[in-house]
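Results of the structural survey
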Amino acid sequence: MNCPIDLAAALPEADRVLFQNLLAGAGAVQRRALAKIITLLESTRADHRLRADALLNALLPSSGHALRLGISGVPGVGKSTFIEALGLFLVDRGHRVAVLAVDPSSSVSGGSILGDKTRMERLSVHERAFIRPSPAAGNLGGVAEKTRETMLVCEAAGHDIVIVETVGVGQSETAVAGMTDCFVLMQLPNAGDDLQAIKKGVMELADLVLINKADLDEAAATRARAQITSALRLFGLHGRSDRAHHDETIWHAQVLQLSAATGAGLEEFWRVVSRFRDLQAANGALACRRHEQDEAWMWERIHAGLTQRFRAHPAVHAALPGLTAAVRGGTLAASVAARRLLDLVATQAPPVPH
Ligand code: GDP
């Protein structure tokens, strides 16, 4: 395996300077290098992609040291208010915080969830914070890929807390849970009144459920906390046995209440997250989760790349409209069409092992 110095030495001159500036420590020089590298990552130009890949590889050994926190919840639940409050709380304690976003809808609507920096006015101008809106281009897979890569670069630059925000709709929550160490689901105080409305699949992803705006209705928030706590236990979420529920060495999803607007509950939140991190590090779950995430990420990209190549293949390109019409018209079974198309690219049999 290459050592980081070798990889950096092999970079072209301009990128070696970017690499060095990124690792040079906090300041304007690093900030510029960070922005330039992210621009390369987000570029669709093939030569930029090659440079970004080489940089990413060289930076990899310097990344991975941050706590990665995913934050999700429906629009209006208070995500940006919470992230600003939490971010300021953390930078005050000497941390360096990066805030990223995954919002595949932004390319359609034209507005990204973090596009408007005034949403985090104080945090965005803080020297120990870095805020980046969701990459605008492409489908969820593409957007998530850029965010993952940006996360690694932010970590290499020394940000020790990375917060990834997403809206509570569609598959983006799964993507964010798949790139973070701790996934936090935000809810409103009335969430407990209609537990059915909380998607079970998303609940299963949550390491922490946060009832925000507790200041609006303390009683409702307390009720929601109790209801969601018992729902988490009752349904045996995370697939745990009864005995495992009492096992103190593994994490059990917790429900907290908080007011992002007043800051009440913020300290407790951070205490619980710190306990989560210590526990997950001690029992090996953190390392295991990251390894699984990296492998899943690789496969996700392989699938995306193969699909792209498949569609671009001349024979497939020519046959696709006719076969698609036949499938839609009910004259050809979907699986038969798929096999025919796949056969068009299977020109070479795999080599027979000796
Ligand atoms: P997002 O869409 O999830 O990012 O939600 P925002 O952070 O933009 O918050 C939506 C609205 O709720 C804003 O008007 C906030 O001021 C308000 N809000 C956020 N957190 C709280 C809270 O803890 N208490 C109260 N009363 N209002 C809050």
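Details of the structure are given in the entry above.
Heads up: these notes are all about the structure in this document. Throughout, a residue's number is its position along its own chain's written sequence, starting from 1. The predicted nature of this model means local features are confined to residues of pLDDT at least 70 and side-chain atom pairs, given and counted, to a pLDDT of 80 or more, with totals for whole chains, interfaces and linings taken over all residues. Calculated side-chain values reflect all of the structure's heavy atoms, with hydrogen atoms and water omitted.

So, the pattern of salt bridges
Salt bridges are defined as contacts in which a side-chain nitrogen from Lys or Arg sits within 4 Å of a carboxyl oxygen from Asp or Glu. Following the criterion strictly, the structure yields 12 salt bridges and no others. Notably, a salt bridge pairs Arg132 with Glu42, separated by 3.2 Å at the nearest N-O pair. A residue pair is termed long-range when its members are at least 10 positions apart, and Arg132 in the loop between strand E3 (129–131) and helix H8 (140–156) and Glu42 in helix H3 (residues 28–42) qualify at 90 residues. The class of Glu42 is partly exposed, set by a relative accessible area of 25%. Numbered from the N terminus, helices here are DSSP runs of H or I no shorter than four residues, and strands are runs of E no shorter than two. Only protein chains enter the accessibility calculation, which uses a 1.4 Å probe; a residue whose area is less than 20% of its type maximum is buried, one above 50% is exposed, and one in between is partly exposed.

Thoughts on the sheet that holds strand E4 (residues 161–167)
Two strands form a pair only when DSSP identifies at least two bridges running between them. Across the sheet, which stays open at both edges, the 7 strands sit in the order E3-E2-E4-E1-E5-E6-E7 with parallel pairing between neighbours. The sheet is open, and its two borders are formed by E3 and strand E7 (254–257), each paired with just one other strand. Ignoring strand direction, the axes of neighbouring strands in this sheet form an average angle of 20 degrees. Bridge analysis of strand E1 (residues 67–73) against strand E5 (residues 182–187) gives 4 bridges, and the strand direction is parallel. Following the sheet pairing, Leu69 is matched in E5 by Cys182. It only takes one pair of heavy atoms within 4.5 Å for two residues to be counted as in contact. As a rule, the C-alpha atoms of each element are fitted with a line to give its axis, helices using only the stretch in contact, and angles between N-to-C directions run from 0 to 180 degrees. Most of the contacts of H8 go to strand E2 (residues 97–102), to which it runs at about 175 degrees, and overall it touches E1, E2, E3 and E4. Running at roughly 175 degrees to E7, helix H11 (residues 218–234) makes contact with E5, strand E6 (208–211) and E7 of the sheet.

Quick notes on the packing of aromatic side chains
Two rings from Phe, Tyr or Trp (for Trp, the six-membered ring) form a pair when their centres are within 6.5 Å of each other. A pair whose planes differ by under 30 degrees is stacked, one over 60 is edge-to-face, and the rest are tilted. Applying the stated criterion to the full structure yields 2 aromatic pairs. With centroids separated by 5.1 Å and ring planes inclined at 85 degrees, the aromatic side chains of Phe82 and Phe269 adopt a geometry described as edge-to-face. Of this pair, Phe82 sits in helix H5 (residues 79–92) while Phe269 sits in helix H13 (residues 266–282); the two residues are 187 residues apart in sequence, bridging distant segments of the chain. Neither residue differs from the other here; Phe82 and Phe269 are each classed as buried. Ring plane angle 90 degrees and centroid distance 4.9 Å describe the contact between Trp251 and Phe276, whose orientation is recorded as edge-to-face. One end of the pair, Trp251, is in the loop between helix H12 (242–245) and E7; the other, Phe276, is in helix H13, with 25 residues separating them in the sequence. A relative accessible area of 1% means that Phe276 is categorised as buried. We call a charge positioned above a ring when the Lys NZ or Arg CZ atom is no farther than 6 Å from the ring centre and deviates by at most 35 degrees from the ring normal. Sitting over the ring of Phe89, Arg93 keeps its end group 3.6 Å from the ring centre.

Some thoughts on helix H14 (residues 285–312)
A turn of α-helix holds 3.6 residues, and therefore any two residues three or four places apart point the same way. A rise of 1.5 Å per residue sets the reference length of H14, with its 28 residues, at 40 Å; its end C-alpha atoms lie 40 Å apart and thus fit the reference within 8%. Leu286, Arg289, Arg290, Gln293 and Trp297 are the residues of H14 that are buried. Elements that come into contact with the buried residues of H14 comprise E1, H8, helix H9 (172–177), E5 and H13. Multiplying 1.5 Å by the residue count of a helix minus one yields the expected span of that helix.

Overview of the layout of surface pockets
A pocket here means an open set of points on a 1 Å grid, computed over the protein atoms alone, that has protein on both sides within 12 Å along at least five of seven lines. A cavity is instead a set of points where a 1.4 Å probe fits but cannot get out; residues with an atom within 4 Å of a point line either one. Grid points are joined across faces, edges and corners, and a volume is the space filled by probe spheres set on the points. Estimates place the volume of the largest pocket at around 760 Å³. If you go around the largest pocket, you meet 24 residues; those closest to its centre are Glu145, Lys146, Arg301, Ala304 and Gln308. The set of elements that each furnish at least two residues to the lining of the largest pocket consists of helix H4 (46–59), H8 and H14. For the lining of the largest pocket, the element with the most residues is H14, which contributes 9 residues. Taken together, the residues of the lining of the largest pocket sort by class into 8 nonpolar, 8 polar and 8 charged. Note on residue categories: nonpolar means Ala, Val, Leu, Ile, Met, Phe, Trp, Tyr, Cys or Pro, charged means Asp, Glu, Lys or Arg, and polar means any other residue, Gly included.

Structural notes on the site of the ligand
Neighbouring the ligand are 16 residues, the closest being Gly76, Lys79, Thr81, Arg119 and Asp215. Throughout this description, a polar contact denotes any pair of N or O atoms lying within 3.5 Å of each other; where both atoms belong to protein, one of them has to be capable of donating a hydrogen while the other can accept it, and for residues adjacent in sequence the pair is counted only when both atoms sit in side chains. One nitrogen or oxygen atom from the side chain of Lys213 is found 2.9 Å from an oxygen atom belonging to the ligand. One nitrogen or oxygen atom from the side chain of Asp215 is found 2.8 Å from a nitrogen atom belonging to the ligand. Computed with a 1.4 Å probe, the accessible areas rest on the Shrake-Rupley method; for each residue, only the protein chains presented here act as cover. Contact with the protein chains hides 70% of the accessible area of the ligand, taken as 580 Å² for the molecule alone. Residues are classed as near a molecule or strand on a simple rule: at least one heavy atom within 4 Å of it.

A short note on unusual backbone geometry
With a phi close to 60 degrees, Lys213 is a non-glycine residue in the positive phi region. In this fold, Lys213 is placed in the loop between E6 and H11.

Side note on the packing of H8 against H14
When two helices pack together, their arrangement is captured by the angle between the axes and the distance separating the axes. Remark: H8 packs on H14, axes separated minimally by 11 Å, with the N-to-C direction vectors making an angle of 135 degrees. By the angle between their directions, the pair H8 and H14 is classed as oblique. Seen along the crossing, H8 lies across H14 with a hand that is left-handed. Note on element contacts: H14 touches H8 through Gln293, Trp297, Glu300 and Arg301, opposite Gly141, Gly142, Glu145, Arg148, Glu149 and Leu152. For the contact of H8 with H14, a count of residues per class yields 2 nonpolar, 3 polar and 5 charged. Should an angle fall under 35 degrees it is called roughly parallel, over 145 degrees roughly antiparallel, and 65 to 115 degrees roughly perpendicular, with every other angle called oblique. It is the rotation of the near helix from the far one that decides the hand of a crossing: anticlockwise by less than a right angle makes it left-handed, clockwise makes it right-handed.

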